[in-house]
Amino acid sequence: MMDFAQPPRRPRAESIVPMINVVFLLLIFFLMTARIAPPEPFEVSPPETRAAEAADGTLILYVGADGQVGYSSLTGEPALEALIEETAEGPLILRADAALPGPELARLLARLRSAGIGHIDLLVQAGG
């Protein structure tokens, strides 16, 4: 006689779709909340101070020890022109190198003031 009984069922594997959904949601969350900053146009070592406050602003002008200026991905005169066009967004953060000569900094500040940029914060780093 032949046995026509149902073969035993294998247990159903759990679906990984909910786990994939959670991973994608976390990825979207971290991408939306992360602050992605553009790279610096060149290396700058700010002057040190004993008491430093956090600088707040979106416009950052980099000034090297040789007086070269950089804004976003631009350097030189195009960087200054692009910065002057975008000054309506908020205060300017000046990230100048500690080795920048004072007269060079004074000339740059006078030029920025004449272009209508009134609020400039000099970025420093906390040190000894």
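The text that follows walks through the structure, step by step, so that each part is easy to find. If you're wondering where the values come from, they're calculated on a predicted model, not measured in any experiment. (Residues numbered from 1 in each chain as written. Predicted model: local features only at pLDDT ≥ 70, side-chain atom pairs only at ≥ 80, totals over all residues. Heavy atoms only, no water.)

Thoughts on unusual backbone geometry
Of note, the phi angle at S72 is positive, near 60°, even though the residue is not glycine. Note that S72 resides in the loop between β3 (69-71) and β4 (74-75). (Helix = DSSP H or I, 4+ residues; strand = E, 2+ residues; numbered from the N terminus.)

So, the sheet that holds strand β2 (residues 59-63)
On the basis of which strands lie adjacent, the open sheet formed by five strands has the order β4-β3-β2-β5-β6 and mixed pairing. Strands at the two margins of the open sheet, each flanked by one partner only, are β4 and β6 (120-122). Across two bridges, β3 lies against β4 in antiparallel orientation. Its bridge partner lying in β4, G70 is registered against T75. Along the sheet face, helix α3 (residues 102-114) touches β2, β3, β5 (92-96) and β6 and points at about 165° away from the line of β5. (Pairing = 2+ DSSP bridges. Contact = heavy atoms within 4.5 Å. Axes fitted to C-alpha atoms, helices over the stretch in contact; angles between N-to-C directions.)

A closer look at the nonpolar core
Grouped together as the largest cluster of nonpolar side chains are 16 residues, with contacts concentrated most on L61, V63, Y71, L83, L92, L108 and L112. Listing elements by their share of this core, those giving two or more residues are β2, β3, α2 (77-85), β5 and α3. Ranked by the residues each element gives to this core, the list is headed by α2, at four residues. In this structure, L92 is in contact with L59, I60, L61, L83, L112, I117, H119, I120 and D121, ignoring residues within four places of it in sequence. (Core = buried A, V, L, I, M, F, W, Y, C linked by side-chain atoms within 4.5 Å. Buried < 20%, exposed > 50% of the residue type's maximum accessible area, 1.4 Å probe, protein only.)

What to know about the pattern of salt bridges
Summed over the entire model, instances satisfying the criterion amount to two salt bridges. The salt bridge partner of R111 is E77, with a shortest N-O separation of 2.3 Å. Within this pair, whereas R111 is found in helix α3, its partner E77 is found in helix α2, the two being separated by 34 residues in sequence. In this structure, the salt-bridge partner of R107 is E104, at a minimum N-O distance of 2.9 Å. Placement of the pair is R107 and E104 together in helix α3, with a separation of three residues, close to one helical turn. (Salt bridge = Lys/Arg side-chain N within 4 Å of Asp/Glu carboxyl O.)

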